Amino acid sequence: MKLEIKKNPPPAKTVYDVFQERGFIEKVTDEEKVPEILGKKVTCYIGFDPTASSFHVGNLVPIMALAHMQRHGHQPIALVGGGTGLVGDPSGKDEMRQILTYEEINKNAELQRKQFAQFLDFSEGHALLLNNADWLTKLNYIDFLRDIGVHFSVNRMLAAESVKIRLETGLSFIEFNYQLLQAYDFWYQFKHYNCLMQMGGSDQWGNIVAGIDLIRRLEGKQAYGITFPLIMTADGKKMGKTEKGAVWLDPQRTSPYEYYQFWINTDDRDVKRFLALFTFLPMEEVEEYGKLEGADIRKAKEILAFEATKIVHGEKEAEKAKNTSKGVFVIPHVKFYGEASQTTKPEEDSLPTTPIDKNKILEGIPAFKLFETAGLCASGSEARRLIEQGGAYINNKKVNKFDELIKQGDFDLNGTVLLRAGKKKFHRVKIDEKS
């Protein structure tokens, strides 16, 4: 009789394994201890700058990292920098940030709280949402200098890369204090929330190490840190930047359709990497999609766009954006863009739309001006070049003259007209009847 040998299942992946295979890790403070402690339940934190009312795609790596921590049983802390935002982090900046008021910071922090909830479960302490204004704004300056400042060497602070870069262009004293405040944040959360780890972008390495050193000096205990790489696209651009600026998570600033389009237009060389970083798909699936080549890679891009949009905007909006991207629109008997048949359900509400004064349409508006008004071109001269190069379409008909007048007869019965720049950029203009 043949003896059947039972094989033990492979050990479950730790979140450290997940970070490694998905490309989240650039540096760790202790290559032996960090993987070990992440095999047990720990509390970690990442700080977020509240100087904008919404996160953008460039913020997704740290937010996704917190989500992975929670999915593996750890307790993540999303720390809104309501206090440090009043000072400004010099890291990665060529000049001093604009100092916002308390009211502006608090308003932005509240809006960011809602976006965190799309990624993290804050119920029953599974994740914590803190604001460092709760403790930093209550500090006594003299006590802070005596208790905290005494542990910092100015020579070491000047050696930090983020400080050295700014010394060439000018570094204010208020910014020079930033490292002390962030180190204090780490110590405070270590002391009150048993937070053992700080994570952040590569430009935060010096601040993270300063916090670990402060905890060692004040508590005689060890804390840890992980930094993430700066994500660049294959063509050398910073992730999340487009001709129109940042790609926001706020649907009022970047519609779900535009968000979907951002991802589906990913460079072929980035698809596998972005599937690993910006979706929760199992790596086995990511690897399979990464093998696709040529025309087949379009399928992987659709998966990336759908999954990334679903995480931020929900499955319903992701479906609408997908249908819009592939759909058919009938405006005065004209079939508009897409690969689907006439039976495809149109999702016209997903298209970004710009209202236009009715009086302008009655008079007629030059085509190049319409493209500029819709935001498909940054300027009138750019719109003229687009038209002259044959890349501008109105109702799927190529625009031949930059000054061709677009009048009410070009709009459908609903008062809308569809613009297209190149093959992939669509926008709807709608007559504002109230104007």
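Look a little higher up for the structure.
Let me sum up the structure you'll find in this document. The residue numbering used here restarts from 1 in each chain and proceeds along that chain's sequence as written. The model is predicted, so local features are restricted to residues of pLDDT at least 70 and side-chain atom pairs to those at 80 or more, both for listing and for counting; the totals for chains, interfaces and linings are taken over all residues. The side-chain values count all of the structure's non-hydrogen atoms but skip hydrogen atoms and water molecules.

Our next topic: the side chain of glutamine 115. Runs of H or I in DSSP of at least four residues are treated as helices and runs of E of at least two as strands, each being numbered from the N terminus. In this fold, glutamine 115 is placed in helix α4 (residues 102–116). Throughout this description, buried means an accessible area under 20% of the type-specific maximum (1.4 Å probe, protein chains only), exposed means over 50%, and partly exposed covers the range between. Residue classification places glutamine 115 among the buried positions, given a relative accessible area of 9%. Whether two residues are in contact is decided by their heavy atoms: any pair within 4.5 Å suffices. Once residues within four sequence positions are removed from consideration, glutamine 115 is found in contact with Ser54, Phe55, Leu249 and Asp250.

In this section: the side chain of asparagine 132. The residue asparagine 132 is located in the loop between β4 (128–131) and α5 (133–136) in this model. Among the polar contacts listed, one links the side chain of asparagine 132 to the side chain of aspartate 185, at a separation of 2.9 Å. Leaving out residues up to four positions away in the same chain, asparagine 132 has contacts with Leu79, Val80, Gly81, Gly82, Gly83, Thr84, Thr137 and Asp185. Under the rule applied, a polar contact is a pair of N or O atoms within 3.5 Å (in protein, one hydrogen donor and one hydrogen acceptor; residues adjacent in sequence only if both atoms are side-chain atoms).

Time to look at the nonpolar core. As used in this record, nonpolar core signifies buried Ala, Val, Leu, Ile, Met, Phe, Trp, Tyr and Cys residues forming a set joined through side-chain atoms within 4.5 Å. Ranked by internal contacts, the top residues of the largest apolar core, which has 64 residues, are Leu38, Phe119, Met197, Met199, Ile226 and Trp263. Broken down by element, the residue count for this core peaks at nine residues, all from helix α15 (residues 297–313). Setting aside residues up to four positions removed in sequence, tryptophan 263 forms contacts with Val57, Leu60, Met239, Phe274, Phe278, Leu304, Ala305 and Ala308. Within the second largest apolar cluster, 30 residues are counted, among which are Ala160, Ala183, Tyr184 and Trp187.

Let us look at helix α1 (residues 15–22). Within α1, the full set of buried residues consists of Val15, Tyr16, Val18, Phe19 and Arg22. Around the axis of α1, the buried residues are gathered within 160 degrees of arc, so they sit on the same side. Directly after α1, the chain includes glycine 23, whose backbone phi takes a positive value near 90 degrees. Each direction from the helix axis to a C-beta atom contributes to the arc, which is the arc of those directions.

Relative placement of two packed helices is described by the angle separating their axes and the distance separating the axes. The axes are straight lines fitted to the C-alpha atoms, using for helices just the contacting stretch, and the angles between their N-to-C directions are given from 0 to 180°. In contact at an axis separation of 10 Å, helix α13 (residues 271–278) and α15 are set at 25 degrees when each is read in the N-to-C sense. Between α13 and α15, the angle is such that the two are roughly parallel. α15 is crossed by α13, and the crossing has left-handed handedness. In this structure, α13 uses Val271, Phe274, Leu275 and Phe278 to contact α15, whose residues at the interface are Ile297, Ala300, Lys301, Ile303, Leu304, Ala308 and Ile311. Oblique is the label for every angle not falling under 35 degrees (roughly parallel), over 145 degrees (roughly antiparallel), or within 65 to 115 degrees (roughly perpendicular). Two helices crossing with the near one rotated counterclockwise from the far one by less than a right angle form a left-handed crossing, whereas a clockwise rotation gives a right-handed crossing.

Right, let's get into the pattern of salt bridges. Salt bridges are defined by distance alone: a side-chain nitrogen of Lys or Arg within 4 Å of a carboxyl oxygen of Asp or Glu. In this structure the tally under the stated criterion is 17 salt bridges. With a shortest N-O distance of 3.4 Å, lysine 33 and glutamate 36 are connected by a salt bridge. Residue lysine 33 and its partner glutamate 36 are located together in helix α2 (residues 33–37), separated by three residues, close to a single helical turn. Lysine 33 sits in the partly exposed class, given a relative accessible area of 29%. Glutamate 36 sits in the partly exposed class, given a relative accessible area of 41%. If you follow the salt bridges from partner to partner, you end up with Arg156, Asp213, Arg216 and Arg217 in one network.

On to the sheet that holds strand β1 (residues 27–28). At least two bridges found by DSSP between two strands are what make those strands a pair. With respect to topology, six strands assemble into an open sheet ordered β1-β6-β5-β2-β3-β4, the strand pairing being mixed. Each end of this open sheet is capped by a strand with a single partner; those strands are β1 and β4. Looking at chain direction, strand β2 (residues 43–48) and strand β5 (residues 195–201) are connected through three bridges and run parallel. Looking at β5, one finds that threonine 43 is bridged to cysteine 195. Helix α3 (residues 60–71) rests against β2, β3 (75–80), β5 and β6 (224–228) of the sheet, and its axis sits at about 160 degrees to β2.

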